[in-house]
Amino acid sequence: MGKMAAALGSVVTLATEPGEDAFRKLFRFYRQSRPGTADLGGVIDFSAAQRGAGPGAHKVVRSQLSVSSISDHDAHRAGLQPVSKWQAYGLEGYPGFIFIPNPFLPGYQWHWVKQCLKLYSQKPNVCNLDKHMTKEETQDLWEQSKEFLRYKEGNKRRPRSLLEKLRWVTLGYHYNWDSKKYSADHYTPFPSDLAFLSEQVAAACGFQGFRAEAGILNYYRLDSTLGIHVDKSELDHSKPLLSFSFGQSAIFLLGGLKRDEAPTAMFMHSGDIMVMSGFSRLLNHAVPKVLPSSERESLPCCLETPPPAVLPRDSVVECCSVEDWQVCTSYLKTARVNMTVRQVLATDQDFPLDPTESKRDITTESFCHLDDNSRVKRAKLDPDS
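Residues numbered from 1 in each chain as written. Predicted model: local features only at pLDDT ≥ 70, side-chain atom pairs only at ≥ 80, totals over all residues. Heavy atoms only, no water.

## Details of the overall build of the protein
No. 1: Summing up its helical and strand segments, the protein has eight helices and 14 strands in all.
No. 2: In the protein, buried positions account for 58% of the 385 residues.
No. 3: Sequence-distant contacts, at least 24 apart, represent 77% of the contacts inside the protein between residues at least 6 apart.
No. 4: Accessible area for the protein stands at about 16700 Å²; split by element, carbon and sulfur atoms hold 53% of it. (Helix = DSSP H or I, 4+ residues; strand = E, 2+ residues; numbered from the N terminus. Buried < 20%, exposed > 50% of the residue type's maximum accessible area, 1.4 Å probe, protein only. Contact = heavy atoms within 4.5 Å. Areas by Shrake-Rupley, 256 points an atom, 1.4 Å probe, with all protein chains shown as cover.)

## Side note on the environment of L117
No. 1: Relative to the elements of secondary structure, L117 occurs in helix 4 (residues 109-119).
No. 2: When the C-alpha positions of L117 and L163 are compared, they lie 7.3 Å apart, and in sequence the two are 46 residues distant.
No. 3: Each residue touching L117, except ones within four places of it in the same chain, is listed here: W142, L163, Y219, C328 and Y331.

## A look at the packing of helix 4 against helix 7 (residues 192-204)
Describing two packed helices takes the angle between their axes plus the distance from one axis to the other.
No. 1: It is at 11 Å that the axes of helix 4 and helix 7 come closest, and there the two elements cross at 135 degrees. In terms of orientation, helix 4 and helix 7 fall into the oblique class. Relative to helix 7, the crossing made by helix 4 is left-handed. Across from H111, W112 and Q115 in helix 4, the residues of helix 7 making contact are D193, L194 and L197. (Axes fitted to C-alpha atoms, helices over the stretch in contact; angles between N-to-C directions. Parallel < 35°, antiparallel > 145°, perpendicular 65-115°, else oblique. Left-handed = near helix turned anticlockwise from the far one by under 90°.)

## Regarding the side chain of D193
No. 1: For D193, the position within the fold is in helix 7.
No. 2: For the buried residue D193, which engages in no salt bridge, the nearest side chain bearing the opposite charge is K114, 7.7 Å off.
No. 3: Separated by 3.0 Å, the side chains of D193 and H111 make a polar contact.
No. 4: Residues within four places of D193 in sequence aside, it is in contact with H111, W112, Q115, Y120 and V316. (Lys, Arg positive; Asp, Glu negative; His and termini not counted. Salt bridge = Lys/Arg side-chain N within 4 Å of Asp/Glu carboxyl O. Polar contact = N/O pair within 3.5 Å; in protein donor to acceptor, adjacent residues only side chain to side chain.)

## Some remarks on the nonpolar core
No. 1: Judged by nonpolar contacts, the single largest core of 65 residues is most densely connected at W112, L194, L197, Y219, F244, W325 and M339.
No. 2: Take this core: its biggest share by element is eight residues, from helix 7.
No. 3: Not counting chain neighbours up to four residues away, the residues in contact with L197 comprise A78, L80, F104, W112, F244 and M339. (Core = buried A, V, L, I, M, F, W, Y, C linked by side-chain atoms within 4.5 Å.)

## Quick word on the packing of aromatic side chains
No. 1: A complete count under the given rule lists ten aromatic pairs for this structure.
No. 2: With a centroid separation of 4.7 Å and 50 degrees between ring planes, the pair formed by Y173 and Y187 is classed as tilted. Placement of Y173 in the loop between strand 5 (168-172) and helix 7 and of Y187 in the loop between strand 5 and helix 7 is noted, with a sequence separation of 14 residues between them.
No. 3: Connected via pairs of aromatic rings, a cluster forms that spans W168, Y175, W177 and Y182.
No. 4: Directly above the ring of F27 sits R24, whose terminal nitrogen or CZ lies 4.9 Å from the centroid.
No. 5: Here R77 stacks its cationic end above the ring of F196, 4.4 Å away from the centre of that ring. (Phe/Tyr/Trp six-rings, centres within 6.5 Å; stacked < 30°, edge-to-face > 60°. Lys NZ or Arg CZ within 6 Å of the ring centre and 35° of its normal.)

As structure tokens, then:
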């Protein structure tokens with residue numbers, strides 16, 4: 001409790017800027033925090049929650065999962081442990097919030113990391129680089145970047161590869177950052193493997209029939225943040241928002257319906273899954289800090305074990321070659337990837353007709369999402385910076 005009290009004391013003594021609300025104040029505190037100090041003493045670590053110790057342990061409650069909702073075989077197909085072996089937690093005051101510390105089988109995170117970097121970043125999916133580059137130039141970011149990343153450590157001064165300039169990718173119904181809407185004419189097929197994974201996790205959390213219709217992938221560097229926001233553009237808020245984290249750890253802030261409510265801070269480690277549903281579906285949240293591993297430029301321990309040589313015949317997870325993982329490893333030593341998946345429409349629901357909606361190509365819009373080096377949220381990302 002000493003470290004937690006020290007951290008909370010630091011928050012209290014942090015000078016409030018003009019017009020700054022409680023959420024923004026804590027966001028700024030954790031953005032400026034120093035790993036290995038009392039600054040992080042108040043951050044909940046769900047990986048230690050089962051021991052009933054650590055900061056915020058009094059707020060952590062066990063969440064019940066629907067163990068019989070998916071078979072062990074289907075869980076294995078997605079690279080997950082049997083649901084009976086998952087640990088699931090919630091927080092007092094946040095009904096509908098579920099945190100599942102790394103339920104992936106050893107080695108199976110490799111597939112999802114590789115997909116985010118190698119497959120999901122390809123056309124026809126949309127990314128932040130489309131604002132500044134032609135479709136031909138962003139056709140295959142992996143092929144253009146893999147040699148840079150493979151020999152990254154031997155050339156510290158080389159220019160950043162396109163993958164390292166990637167900040168976000170949208171899947172399925174592509175989110176329009178200007179209008180903050182989805183639409184029927186901005187759609188590409190949603191990846192079947194990610195849809196299957198999402199359906200299994202949603203079912204285990206009590207949401208049978210969940211449909212993965214839209215995804216936003218965030219690619220964080222060590223200096224990246226994700227500003228305070230609410231995910232409310234989906235037309236059906238009765239379905240959960242699913243979040244999957246891979247790579248370096250980060251601090252996640254979960255607040256209230258208004259920004260004058262101070263948020264709760266928690267760690268997100270590689271493999272962790274968060275589910276926001278019910279009351280928690282429309283709460284303010286943010287990522288103020290990505291935390292480098294304690295050993296400089298190293299991978300989390302859970303990513304060191306390779307997947308088995310033989311996978312289930314009907315697995316949606318594919319083998320990851322040594323060469324591909326070498327590229328992923330180089331990338332993840334200083335980065336984090338997050339996949340968020342959501343259902344946009346209710347069953348039998350269609351998008352409303354909106355005669356005022358412009359049919360501009362989404363790749364020509366001005367974009368906003370991840371911040372780097374504390375730049376303002378609406379700063380246009382320059383791929384050459």
